[in-house]
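# Close look at the chain arrangement
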Amino acid sequence: MAKLYLRENIQGAHINPELQGQFSEHLGRGIYEGLYVKEDSGIPNENGMRKDVVEALREIRVPLLRWPGGCFADEYHWKDGIGDKANRKKMINTNWGGVLEDNSFGTNEYFELCRQLGCKTYVNGNVGSGTVQEMSEWVEYMTFDGVSPLTELRKKNGHDSPWQLDYLGVGNENWGCGGNMTPEYYANLYRRYQTFCRQYHPDHPFKKICCGPNVDDTNWTRGVLSTCFQEPGGHANHGFMDLLSVHYYVLPGGWEHKSSATQFDAAVWYETMKKTLTAEDLIRLHGNILDTYDPEKKIGISFDEWGGWYEVEPGTNPGFLYQQNTMRDALLAGTTLNIFNRHCDRVKLACIAQMVNVLQSVILTEGERMVKTPTWHVFHMYQHHQDADLVPGDLLENEEVGTDENHVPALNISASKKDGVYTVTVADMDLAKSHPLEIRFTDFVPKAVKASIVTEEMCAKNTFDEPDCVTEKAFSGVTLTEHGAKLDVPPCAVLLLQFS
Ligand code: AHR
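Quick look at the structure, then. (Residues numbered from 1 in each chain as written. Predicted model: local features only at pLDDT ≥ 70, side-chain atom pairs only at ≥ 80, totals over all residues. Heavy atoms only, no water.)

## A look at unusual backbone geometry
- That bond from Trp67 to Pro68 is cis: its omega, 5°, falls within 30 degrees of zero.
- With respect to the secondary-structure elements, Pro68 resides in the loop between β5 (64-67) and β6 (91-93).
- Here the amide bond leading from Ala353 into Gln354 is cis, since omega sits at -10°, within 30 degrees of zero.
- Examined against the element boundaries, Gln354 turns out to sit in the loop between β13 (347-353) and β14 (363-366).
- Its identity is not glycine, yet Lys38 carries a phi of approximately 75°, on the positive side.
- Secondary-structure assignment places Lys38 in the loop between β2 (21-23) and β3 (45-46).
- Judged by relative accessible area, which is 30%, Lys38 ranks as partly exposed.
- Despite not being glycine, Cys492 shows a phi value in the positive range, around 50°.
- For Cys492, the position within the fold is in the loop between β26 (484-489) and β27 (493-499). (Helix = DSSP H or I, 4+ residues; strand = E, 2+ residues; numbered from the N terminus. Buried < 20%, exposed > 50% of the residue type's maximum accessible area, 1.4 Å probe, protein only.)

## Here we look at the site of the ligand
- Taken together, Phe23, Glu25, Gly70, Cys71, Trp96, Asn172, Glu173, Tyr249, Glu305, Trp309, Gln354 and Leu359 make up the full set of residues near the ligand.
- Taking Cys71, its main chain carries an N or O atom lying 2.8 Å from an oxygen atom of the ligand.
- A total of 280 Å² of accessible area belongs to the ligand in isolation, and the protein chains cover 92% of it.
- In terms of residue class, the shell around the ligand is built from six nonpolar, three polar and three charged. (Near = heavy atom within 4 Å. Polar contact = N/O pair within 3.5 Å; in protein donor to acceptor, adjacent residues only side chain to side chain. Areas by Shrake-Rupley, 256 points an atom, 1.4 Å probe, with all protein chains shown as cover. Nonpolar A, V, L, I, M, F, W, Y, C, P; charged D, E, K, R; others polar.)

## What to know about the packing of helix α5 (residues 183-195) against helix α6 (residues 218-228)
- Across the interface, α5 lies against α6 with an axial gap of 8 Å and an inter-helix angle of 40°. With respect to α6, the element α5 is oriented oblique. Judged by the twist between their axes, the crossing of α5 over α6 is right-handed. Facing α5, whose interface residues are Pro183, Glu184, Tyr186, Ala187, Asn188, Tyr190 and Arg191, α6 presents Asn219, Trp220, Gly223, Val224, Thr227 and Cys228. (Axes fitted to C-alpha atoms, helices over the stretch in contact; angles between N-to-C directions. Parallel < 35°, antiparallel > 145°, perpendicular 65-115°, else oblique. Left-handed = near helix turned anticlockwise from the far one by under 90°. Contact = heavy atoms within 4.5 Å.)

## Some remarks on helix α8 (residues 327-342)
- If you check α8, its first and last C-alpha atoms are 23 Å apart, about what 16 residues at 1.5 Å a residue would give, namely 22 Å.
- Among the 16 residues in α8, 15 count as buried, and that is most of the element.
- Put simply, Thr326 is the residue that caps the front of α8, since its side-chain oxygen is 3.0 Å from the backbone nitrogen of Arg328. (Expected span 1.5 Å × (residues − 1).)

Okay, structure coming up:
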């Protein structure tokens, strides 16, 4: 029997709500159709934003939305996306399908969407093909409340008061699509660009995100940090950054032989699970390097692109990255969010890629129809961790399961405390059998438990015709004990337990 010993009497780090952040890029049907249908659409909308999608996203309390990319960010010129929509400059979206981008969703529309979602804002600036002046003026347009030509422009475009910018990304994947730079070259640009992104609200400064590594590229992490922390003529200002990004996608089969999103066998399942656990290795790997510059952990990891990447749905544009979502994605999401929780002393922000209709989405749309994916249901359960404090714990006697090539510990767990309620989330990667689990608190004696579960066979998915194949259901298999609880965790399942 697996045993989870919780040390609730030790103060754990705070779990930033931003660990459950989302990402939407100008890519395929992620923004256009998925979120934004324009004001004159027959699909019910508020200021162009789909009401059904916004409502579903509010149900999972999306804490933050990253925009406009991704690779698109380093080709995006924000001034093309403001003002009269009929006159906005069009562009080719060279990264994603070569389609025409009409720029009808721009800065004002992004902040309107965030207002409707009630979430924090994370705008990713253009270093790859943009200028320092362009990024500096974007910040001024968004956040300055004094008198200036750019604030006049914002007012002319219908927004008198500045918006609240919470995070600014200075470039995206500048080791690749963002300019194919060397770490030192990028880091010098980072130092320069961020200098001119002025903080107009010292009481609420936005946090600056420096472009970090791809997967396990420690050369990038070291090169960027050593350059940013150099002090040529003064104080290094803590590397000039608040966060360093990390990007990692789970790619069963690799780039050459991507897995189907919906048809896979147990071997591919366990390969996916094993690759999911790599996220924890990466946090440790890059976290250790960060520790040498920032032992007090003031700089957060912004794990702002993660998720499963599979073959696109047959018959769809390969450049649109539209893929279905199964129980495999539920396990991927549940496990990854558990990992982020357990490392919340360093991981301060994370974004699943991408929110609607792209890669591992929480929502899929087709015309006026919308479906909540298994991943949505996991986010729905995990929202109870937002703004809670981590409860440290040890999981012992956790059985290894899987295949010879890919075996993984069956259970993956995190726990937190908020307002006197202990939330424990459990992902069981085993496909074959249940795993008995005993949960023991150090002092706390639970008097009540509320539990729910997402479980189905591994390839189960929600479709537009059958939208409720995979949903969160009440779970009654938990027995309270003197020190905690006992249960049999069903195979291929994600569980939410709440003790009070
Ligand atoms: O999320 C899709 C793409 O993956 C992003 O545009 C890019 O940053 C990453 O390579």
